[in-house]
Every structure is written in C-alpha cells, then in structure tokens.
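A closer look at the structure
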Amino acid sequence: MKLAIGWTSAALAVFFALIIQEFIPPIHALNGARVLLVPLVFCYAALAMPTWAMLLFAALTGFLTDLMFLHIVDGQVEIALGWSMVYFVFFGLLAHGFQPAFLRGHWWLYIVLAVLGTCTFLALQYVMICFRRQGIVFNDLVAWRILAPGLIAAVIAPLVHLAVNQCSNFFPDVPGAPGGYRLGQ
Amino acid sequence: MNRLNVIIVLVILAVAVAISALGSNTMQKLQSGFLGLVSPFLKTGSAVQQQLGAVGQGLKTLDQLEEENEKLATENKDLKTTNQILRDIEAENNKLRAALEYKQRSVFKLIPARVISRDASTWWNTVKINRGFEDGIDSDEPVLTDVGLVGKTTTVGKNESIVLLITDEICKVAAKAEGSREQGILSGQRIQNSGTSGEMQLNFLSKTADLQAGQKIYTAGVSGGVFPSGILLGTVKSFKARALDGQAIVEPALDLSSVEDVFVVVGAK
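Residues numbered from 1 in each chain as written. Chains lettered and ligands numbered in written order. Predicted model: local features only at pLDDT ≥ 70, side-chain atom pairs only at ≥ 80, totals over all residues.

**Some points on the overall build of chain A**
For chain A, the count of helices and strands is seven helices and two strands. Reading the secondary structure of chain A in the N-to-C direction produces α-α-α-β-β-α-α-α-α. The C-alpha atoms of chain A give 17 Å as radius of gyration, which agrees with the globular expectation for 185 residues (16 Å, within 12%). Seen through its principal axes, chain A has C-alpha atoms that stretch 55 × 35 × 30 Å. Taken across its 185 residues, chain A has 49% of its residues classed as buried. Of all intrachain contacts in chain A linking residues separated by at least 6 positions in sequence, the fraction that spans at least 24 positions is 74%. (Helix = DSSP H or I, 4+ residues; strand = E, 2+ residues; numbered from the N terminus. Rg over C-alpha atoms; globule rule 2.2 N^0.38 Å. Buried ≥ 20, exposed ≤ 12 C-beta atoms within 10 Å, placed from the backbone. Contact = placed C-beta atoms within 7 Å.)

This is the structure:
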C-alpha cells in the first residue's frame, strides 16, 4: 500500500514536473539554459524505490517525456518514442546502485546524480539530433545548454531532498531517514 | 539484480523498441492524445501566468485606458474599412481571373489562437497554442501575426496544437528578397543565442546576390508549399558569398520568444 502511494506520488510528480517546466523561461544569464525538473524527480525516485518499482517508473517517465518532446516535422521523427525509456532504465539502474549509500545518509549523492542525469540526458538528445540532421555543430553555446541545466539541477536538488523529507513527516509510518525517504519501505 | 528485475528490464527494452518502430502518424496520434491530457493544465498555467503578468499592466490610470480605448476603436474602424476594400478588390480579382480562365485564388481563413506554453526542451523551437482539430486546424498550416510569419503547425490535438517556429533548424521556408529576383531557402539555426530574438539563415542565393542589411525577406509561396506568398519573414542582417552560393543572415520580423497572440491560416492548401 505504502509503495503504491509512493509510486503514484512519484508518477504525479513527474507529470506535473513536465508541465511546470514548460512555464519556466530560459535563463538568459546562463546563455538560455532551461530548467529540467523531470530528471531531478526521477533521480530521487531511483534512489528511493525498490528496483522493480524504479524500473516501471523509468518506463513511465521515459514514455511521458518522449510524448512531451516528440518532434515530428513533415512526417520525419527527430527522436523516436521510446529512447527516453531506455535512457531512464539504464540511468535508473546506475543511480539505484548508490541507494545503500544514500540511505546511510550520503544525501549529496542525489545532487551528483541529478547533475549527471540532467547533463547526460541533454547530451544524448543532442547527439541524436546531430545524427538525424547529418551534421555536428559544437560550440560554447551547446556546452552551456548541456552543462548549465546540470548546474541548475545542483541548486534545486537539495531543495527537492528537503521537501521530500518534510513530506515524509506527514506519513508517520514511513521513516524520514537522514539519508532520504525510501518510498514504500 | 534478481531474475524478476532482469525480466522487467528486457520487457521494457522490448516495449521501447516496439514503440520506436511505430509510424510517424501513429506517434503523432499518441502525442495528440497526450496533448489532450495535459491541455487543461497548460491552459490553467497559461492563465495564471497571464494574470500575474497583467498585474503590472493593470496599474494604468483611467485616463490612459480611455485614451488607449479610443485609439484602438479608431484603428479598428480603419482596419475594417481597409479590409472591406481589400475584399472588394479580391472579389474583382477573382472575377477577372475567372474571365481569363485562371484558377481562382483560394480564400484563406484566419483562426485566432493564443500561445499557452513554450517548449521546455533545449534543442527545439516550438510553442503550443490553444486551438486544435475541433477548431478546424490541421497539421502543416501556417501560423502568423499581423507582423509576420511565426511558423507552422505540426502535431494537432483536439483543442491544442504544436507550432514549429521559423527559427527552428528544420523549419524550411522558400523565401524571396524584397526588390530583387533572389530566392532561397530560409531555416533557423540549431542553437539560438539567448540574447537575441533568434537568427535564421537564407541559403542557396546566388553568389552575386549582394543583399543589403535591412532588406526585407518574404515567403516565396512555391506551388504545393505550406506558406502563402508575401508574408514577411524578417530583415537581412548580413550577406556573404560562399564557394557555391550566397548566404544571408536574417533577423525574424517579430520576437518569437514573446509572441502571444497568433493566427492560424486554414484552407491554405
């Protein structure tokens, strides 16, 4: 039951993260970098959920992300549906490997993984676009657009961690461990 | 990882591969359905954003509002008159074309729409508008404002559509330069500088085109294309002759990062 509540809450969080990030304007001071909330939410879930629930969550996150970002012009698909599912499954497995350390109190691991998850997601998207458009363009702006969202994630991640820990206080049977709130445990 | 988890991973990968093999039409239908699901939230978010923005604007004095209202009413009358004259001319033109056995010029209908959100992705330039197939909108229809071209519709949902902006690299528009016979293909750039309203490149011009800064660029309206002829795209910023052709850098006619009210041209095809 607790796991079902945790999983559903995480799914709703991803859904609303997708919508909220549409309304966050690009940050001009960081060369137009965007704020990505979905990798942040997913990363927390990957550190907090049991493996099988995390995998299903990765599939859902990837599918919703692809539907939101799907880009079809003149019948040509830029990045096909399904690639984000693969990305989130593999990144989730990597992040999940740090779960024991995270639950022991190393909450900073969440920040590192959130930065890594955000940057690799954008970098892989860009590589695929370059393949599709048959030409690689790499300059300072591209680097900013990939790395700056990671920096933004590093700033937001502690707030997410704090917020989830605060939320865990509303569920007395779910321990708000110093290392994080393990969904459904 | 235990056996159950391995099976789940394999199943997800199989599903991902199966989904990625779907045709573009099926993917578009799925996206259209998803747009319908998120649309109420996007509209609510847009309304909240608009209200927050209106707080500052709402602090005008009554005198200012009255003056603005009077000005708008006069402008409205002026536009109505001009519109009527143009309609008469269009009707006359069509009659003359019919007399000469030319094909009648198709009559366009404009559907007003509002931008409800801007793409949060880093690599694409798109916006979402609050009109869909229920309003008579189809994919590949031009979207413009009174100033110039905005882009074209791609995925169309029930009450919302995605508009690909002309500053996107894969939005290609046949364009012509004002005061010359030069024509080329206009497209956006892969990475837009955030400090500007976006830049586009006009390729395949002749090497001797020598377009001047400030020269206006319009849609060429090629047969079978998406965009009608004569819509303003932007102005030339610079021109350079390359080994095989000429290329002009073009600034969009309007700031696409802040455009809010647009019109979709239906019945253009």
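Next comes the rest of the write-up.
**Quick word on the interface of chain A and chain B**
Opposite the 39 residues of chain A that make contact, chain B presents 40 residues. Elements that contribute at least two residues to the side of chain A that touches chain B include exactly α3 (51–69), β1 (72–73), α4 (83–96), α6 (108–133) and α7 (140–168) of chain A. The element that contributes the greatest number of residues to the side of chain A that touches chain B is α3 of chain A, accounting for seven residues. Per-class residue counts for the side of chain A that touches chain B are 26 nonpolar, nine polar and four charged. (Nonpolar A, V, L, I, M, F, W, Y, C, P; charged D, E, K, R; others polar.)

**Here's the deal with unusual backbone geometry**
Positioned with a positive phi, D74 of chain A is a non-glycine residue whose angle comes to about 50°. Structurally, the position occupied by D74 of chain A is in the loop between β1 and β2 (76–77). The partly exposed category is assigned to D74 of chain A, around which 14 C-beta atoms lie within 10 Å. Here D140 of chain B, not a glycine, exhibits a phi torsion of approximately 60°, which is positive. Checked against the element boundaries, D140 of chain B lands in the loop between β2 (126–129) and β3 (142–144). We classify D140 of chain B as partly exposed; it has 17 C-beta atoms within 10 Å.

**A closer look at the sheet that holds strand β4 (residues 149–156) of chain B**
Residues and elements named next belong to chain B. The six strands are arranged β1-β2-β5-β4-β3-β12 in a closed barrel whose pairing can be described as antiparallel. Taken over all neighbouring pairs, the strand axes of this sheet differ in orientation by 45° on average, direction set aside. Direction of pairing for β3 relative to β4: antiparallel, over a ladder of three bridges. In the sheet register, L144 faces β4, and the bridge partner there is L149. (Pairing = 2+ DSSP bridges. Axes fitted to C-alpha atoms, helices over the stretch in contact; angles between N-to-C directions.)

**Regarding the sheet that holds strand β6 (residues 173–177) of chain B**
All names here are of chain B. If you walk around this closed barrel you meet the six strands as β6-β7-β8-β11-β10-β9, and the pairing is antiparallel. Between one strand and the next, the sheet's axes are offset by a mean angle of 40°, whatever the strand orientation. Of the pairings in the sheet, the one linking β6 to strand β7 (residues 183–188) comprises four bridges and is antiparallel in character. Bridging from a neighbouring strand, A174 pairs with I185 of β7.

**Overview of the domain arrangement of chain B**
Segmentation of chain B into domains returns domain 1 (60–105) and domain 2 (173–252). Summarising the inter-unit geometry, the C-alpha centres of domain 1 of chain B and domain 2 of chain B are found 29 Å apart. (Domains from an automatic or database assignment.)

**Points about the confidence of the model for chain B**
Averaged over chain B, the pLDDT score is 85; the fraction of residues at 70 or greater is 93%. Of all the helices and strands in chain B, helix α2 (residues 24–57) of chain B carries the lowest mean pLDDT, 84, while helix α1 (residues 3–20) of chain B carries the highest, 93. (pLDDT = per-residue confidence, 0-100.)

**Topic: the pairing of strand β1 (residues 109–118) of chain B**
Residues and elements named next belong to chain B. Bridge analysis of β1 against strand β12 (residues 261–266) gives six bridges, and the strand direction is antiparallel. Counterpart to L110 in the pairing with β12 is V265. As judged from the three bridges shared by β1 and β2, these two strands associate in the antiparallel manner. When the sheet's bridge partners are listed, R118 is paired in β2 with V127.

**As for the environment of G214 of chain B**
Residue and element names in this part refer to chain B. Structurally, the position occupied by G214 is in the loop between β8 (200–205) and β9 (216–219). Measuring from C-alpha to C-alpha, the distance between G214 and S117 comes to 31 Å, with 97 residues separating the pair along the chain. With residues near it in sequence (within four places) discarded, G214 still touches T235 and V236.

**Observations regarding the nonpolar core**
Counting 113 residues, the largest nonpolar core has V41, C43, Y44 and A45 of chain A together with V150 and L233 of chain B as its most contacted members. With sequence-adjacent residues up to four places away left out, C43 of chain A is seen in contact with A95, Y110, L113, A114 and G117 of chain A. (Core = buried A, V, L, I, M, F, W, Y, C linked by C-beta atoms within 7 Å.)

**With respect to the environment of V11 of chain B**
Among the secondary structure elements, V11 of chain B is positioned in helix α1. Each C-alpha atom, one on V11 of chain B and one on T74 of chain B, is 65 Å from the other, the two residues being 63 residues apart in sequence.

**Remarks on α4 of chain A**
Three- or four-residue spacings in an α-helix give side chains the same orientation, since the helix completes a turn every 3.6 residues. Between its first and last C-alpha atoms α4 of chain A spans 20 Å; for 14 residues at 1.5 Å apiece the expected length is 20 Å, and the two agree. When α4 of chain A is considered as a whole, its buried residues turn out to be S84, M85, V86, Y87, F88, V89, F91, G92, A95 and H96 of chain A. Buried residues along α4 of chain A sit in contact with α2 (38–48), α3, α5 (99–103) and α6 of chain A together with α1 of chain B. (Expected span 1.5 Å × (residues − 1).)

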